[in-house]
Amino acid sequence: MIVTKPELGAEQLNTVKRLAEAGGVSEATARILYTRGVDTEEKVKRFLSPGKKHFRSPYELKGVEEAEKRLAYARDNGETVVIYGDYDADGICASAIMFYALREFGVEAYPVIPERADGYGLSEKVIDSAMEQYNPDLFITVDCGISGRNEVEYIKDLGVDVIVTDHHELPETLPDCITVNCKFRDQAYPFDSLCGAGVAFKIATALIGKKAEKYLDFAALATVADSMPLLDENRDIVYEGLKLISSPNARACFKALADAAKVREMNSAALAYAIAPRVNAAGRMGDAYCALKLFLSEDKYEIFNLAAKLTQYNIQRQAECDELYLSAKEKLKEKGAYKRVILLEDSKWKNGIVGIAAAKLVEEYTRPVIMFVNRNGELHGSARSLEEINVLDAISHNKEFLTEFGGHSQAAGVSLKAENLPAFENALDKYLSEKYGDEVFVQKQEVEAYTESEFTIGFARELNLLEPFGTGNKKPLFAVKCGALKPVPLRENSPHVNFSSDYIDLIYFGGARYSGLLRSSVAKTIVFEPNISTYNGQESLRGYVKTFETEIVPGAELGLELYMDNLRNLRGNGNGERAEYISREETEKLVEQAEKCPYGTMYVISSVKTLEKFPQLKNVPLNLNSPRLKNLSNCVVLVLTGGDISGYRKIIYLDNPVYEVKKIRSAEVYVNKDVPVIDMFPSVEVTREGVGKVFREIVKRNGAEASSSVELYLKLREEVPHITRYQFVFAAEVLEELGIIRYENGRLKYDKTVRTDISSSKIFVKSGGRN
């Protein structure tokens, strides 16, 4: 579903005008800022000029002063400190910041990074190993520890002090030690969304002042990698960190990672999709210390080799993740995805990558997902969620089923016994169904505005002032309404296509499979992201298509494209067992039953007029040719011609098409035998003479530019006024089925060598054709 920002009133538009003047930007850009909550002149000026000048004093963060005093004592008394980090990019970056800052502060510190196999947070096993190896006087955690009250007591019982620095949600009972966290409500820090490395940077600033700013490259990477909102102080951290990483004097480890990833331009997207996955891959593949070693190394050969190693880990991780994702999809085919939450488990899965697969499923199915690794009846899982749903709250609300949990609103860790999984799943489903409305679970694509005039390169440049983009500050998307388009492959057999709208040139990666639909005259809304590219010093603007929707109005006349699709369904109807044909009354009962669950039912119609007979489905999404939503939401498909229908448990034909509907293995299929298709074959002469009349016109125009019978008719209609549009398309489809004509590279081809009888055409025969 494409969602636009709400219309602004006169007073709001006046505010936008003032914001535009204050920020020195167009009203269109000011409007984007306003709808994103940047709604005062002060906020606009701050947002458009990010940087370290906005950094708050570290002493506003509760616990920093006490931590600084304890670390000063460690320095003055020659104590040994262990830095206890975490195995993800945030924990590794935080460990690097703390290591460098303590070294500059004069403290001898040793970083310790647990592996995923040790479990999340503080581990007695890792603590024992660190005690034996370093014999420390003080432990300081980074990016973990807030939920480790028992482990903190364990360390204290060994005669060692502890400082916990973390950014995760606060548990009911805090560790009994010096604790620094941006989420405290008493003495609250003004911005509670720092990452673990952001908190570490604040402590480093308290220890060594402005000299800590040289570690903002680590803080920037961690902020993006941990999907923190790029607002307020995070925006400043990432802005300054990117300057460091992009400079000629960038840290060698970042240069090596950028080279390995072939990064052309270093921005927040490059951090998120090229650098962070490599750093995270180390922990996912069981070698987290490798990434920290890269960040701490000063040997250029070692740095090169470690960056290459992380790249190899990332390739391995991608392959394993693809395999795990496919395994999860197979499980979903068996189990179904008909609740407000998806829970899956397997003993063969790997802890380090289930979170990535879960995030992919969240995007696909638009609901929280928890994927568990089963270890002898103990389930350890990673939860991921939609922006609108706080999965940690949902988990916490049902903690009686769990042995352990913790994390963020969008990502959490969960452990429980296997026998409690069904009850936990049902309890989560009930909680989410009651807590959140249906609209939250709908796949949405938010756009800033519809484009109704030329989209200029100047405006696209201005939008780049909103960088860095990411969580909480997404790159603006726009929509443009189109009719028939002319998609052209980038090169022969390319899956990508170019086409032009009235206001901007567009490129659709992977869009070749939709070429027929794009060419059709059905009204479409294209969602795009404006992008400026430079080649030989010349800038050019194109919109990168993200998705598109067709606009179908129930009750409208059956279009030529739909007529053509219905004819083609006659060709494809082969052998197989007949579906279950039922009465109108039985169909009504099935619909009533199906609508009690928001997932798993597809309704198929051959004419939009059929929907007038089923008003109870007026709010169910209407799709053309195939289900466009991947999340298995109930939908209506007008003229089903293909697409992925796996996962739907019921397919209900609301009208009775002229072809026989067959059963399929994966779903129950029903056909309403009492509602015939309306206007399936209007004004068509289904005879040899009727087809021959069109044939004689077509052969005269061999080589005409066209990719389908509808395109051919629209090109020739003024030359054949004596032939109705439906007659032309009907005959052309028969001729194509017989192999007499075909379409190659956008051109009509007539094959005069073909000799066949018209009775060989299924379209002709099943339409009641007569010789």
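Relevant structure appears above.
So, here's what we can say about the structure. (Residues numbered from 1 in each chain as written. Predicted model: local features only at pLDDT ≥ 70, side-chain atom pairs only at ≥ 80, totals over all residues. Heavy atoms only, no water.)

Structural notes on helix α13 (residues 288-296)
Here is the rule we go by: Categorising residues by exposure relies on relative accessible area from a 1.4 Å probe, with only protein chains included: less than 20% of the type maximum marks a residue as buried, more than 50% marks it as exposed, and the intermediate range marks it as partly exposed. Each helix is a run of H or I in the DSSP string that is no shorter than four residues. Each strand is a run of E no shorter than two, and both are numbered from the N terminus. When checking whether two residues touch, look at their non-hydrogen atoms; a contact exists if any pair is within 4.5 Å.
The element α13 is largely enclosed, with a buried count of seven among its nine residues. Along α13, the residues classified as buried are Ala288, Cys290, Ala291, Leu292, Leu294, Phe295 and Leu296. Residues of α13 that are buried in the fold lie against α5 (89-105), β3 (108-112), α9 (216-225), α11 (252-261), α12 (268-284) and α14 (300-335).

Focus on the nonpolar core
The line we're drawing: Within this scheme, the nonpolar core is defined by two criteria: the residues are buried Ala, Val, Leu, Ile, Met, Phe, Trp, Tyr or Cys, and they are joined through side-chain atoms within 4.5 Å.
One finds Met371, Phe424, Phe728 and Phe730 to be the most contacted residues of the largest nonpolar core, which totals 96 residues. Of the residues forming this core, the biggest block, eight residues, is contributed by helix α24 (residues 725-737). Aside from chain neighbours lying at most four places away, what touches Phe728 is Val694, Ile698, Ser709, Leu712, Tyr713, Leu716, Val720 and Ile723. In this structure, Leu207, Met266, Leu271 and Val279 belong to the second largest nonpolar core, which totals 85 residues.

Considering the side chain of Gln443
Which entries qualify depends on this criterion: For the purposes of these results, a polar contact is taken to be a pair of N or O atoms within 3.5 Å, where, inside protein, one atom must be able to donate a hydrogen and its partner to accept one; residues adjacent in sequence count only when each atom of the pair is a side-chain atom.
The residue Gln443 is located in the loop between α17 (421-435) and β12 (445-447) in this model. On the basis of relative accessibility, which here comes to 16%, the residue Gln443 falls in the buried class. A distance of 2.7 Å separates the side chain of Gln443 from the backbone oxygen of Glu364, its partner in a polar contact. Apart from residues lying up to four places away in sequence, Gln443 is in contact with Met1, Glu363, Glu364, Tyr365, Thr366, Leu629, Lys630 and Asn631.

Quick word on the packing of aromatic side chains
Counted only if it meets this: Ring geometry is summarised as follows: Phe, Tyr and Trp rings, the Trp one being its six-membered ring, pair when their centres sit within 6.5 Å, and such pairs are stacked at plane angles under 30 degrees, edge-to-face over 60 and tilted between the two. Whether a charge sits over a ring depends on NZ of Lys or CZ of Arg being within 6 Å of the ring centre and within 35 degrees of the ring normal.
Applying the stated criterion across every chain, the model contains 21 aromatic pairs. Note on Tyr100 and Tyr215: the rings are 5.5 Å apart at their centroids and 10° apart in plane angle, and the pair reads as stacked. Within this pair, whereas Tyr100 is found in helix α5, its partner Tyr215 is found in the loop between α8 (196-208) and α9, the two being separated by 115 residues in sequence. With a relative accessible area of 7%, Tyr100 lands in the buried category. Judged by centre distance (6.3 Å) and plane angle (55°), the ring pair of Phe401 and Phe424 falls under tilted. With Phe401 in the loop between α16 (391-397) and β10 (404-407) and Phe424 in helix α17, the pair connects residues that are 23 residues apart, well separated along the chain. Of the two residues, Phe401 and Phe424, neither departs from the other in class, the shared state being buried. Positioned over the ring face of Tyr325 is Lys360, at 4.1 Å from the centre of the ring. When the ring centre of Tyr514 is taken as origin, the NZ or CZ atom of Arg628, which lies over that ring, is 4.9 Å away.

Overview of the pairing of strand β13 (residues 478-482)
The condition that has to hold: Paired strands are those between which DSSP finds at least two bridges.
The buried fraction of β13 amounts to four of the five residues, a majority that puts the element mostly inside the structure. Here β13 pairs with strand β17 (residues 524-535) via five bridges, running antiparallel. Bridging from a neighbouring strand, Cys482 pairs with Lys524 of β17.

Describing unusual backbone geometry
Leave glycine aside and you will find that most residues have negative phi; peptide bonds, for their part, are mostly trans. Cis geometry marks the peptide bond from Glu467 to Pro468, where omega comes out at 0°. Positionally, Pro468 belongs in the loop between α18 (457-463) and β13. The backbone of Val639 shows a phi angle near 60°, a positive value even though the residue is not glycine. Using a relative accessible area of 1% as the deciding quantity, one classes Val639 as buried.

What about the pattern of salt bridges?
Worth spelling out the cut-off: A carboxyl oxygen of Asp or Glu within 4 Å of a side-chain nitrogen of Lys or Arg is what we treat as a salt bridge.
Applying the stated rule across the entire model yields 54 salt bridges. Taking the shortest distance from any N to any O, the salt bridge between Glu65 and Lys69 comes out at 3.9 Å. With a gap of four residues between them, Glu65 and Lys69 both fall in helix α4 (residues 64-76), about one helical turn apart. Among the residues examined, Lys69 registers a relative accessible area of 56% and is labelled exposed. The salt bridge involving Glu736 is made with Arg568; its shortest N-O contact spans 3.7 Å. Placement of Glu736 in helix α24 and of Arg568 in helix α20 (residues 560-572) is noted, with a sequence separation of 168 residues between them. Since its relative accessible area comes to 30%, Arg568 is described here as partly exposed. If you follow the salt bridges from partner to partner, you end up with Arg56, Lys202, Asp232 and Glu233 in one network.

Some words on the environment of Ile237
By secondary structure assignment, the location of Ile237 is in helix α10 (residues 232-246). C-alpha of Ile237 to C-alpha of Ile92: the two residues are 145 residues apart in sequence and 17 Å apart in space. Setting aside anything within four residues of it in sequence, one finds Ile237 in contact with Phe55, Leu194, Leu216, Ala219, Ala220 and Thr223.

Some details on a negative patch on the surface
Keep this limit in mind: Each patch is built from salt-bridge-free residues with over 30% relative accessible area, joining like charges within 9 Å and nonpolar side chains (Val, Leu, Ile, Met, Phe, Trp, Tyr) within 5 Å. Throughout, the Shrake-Rupley method with a 1.4 Å probe supplies accessible areas, and for residues the shown protein chains are the sole cover considered. Positive charge is attributed to Lys and Arg, negative charge to Asp and Glu, and no charge count is given to His or to the chain ends. Charge coordinates come from a single atom per side chain, which is NZ of Lys, CZ of Arg, CG of Asp or CD of Glu.
Residues Glu580, Glu586, Glu668 and Asp674 make up a contiguous surface patch of negative charge. Secondary-structure assignment places Glu580 in strand β19 (residues 580-582).

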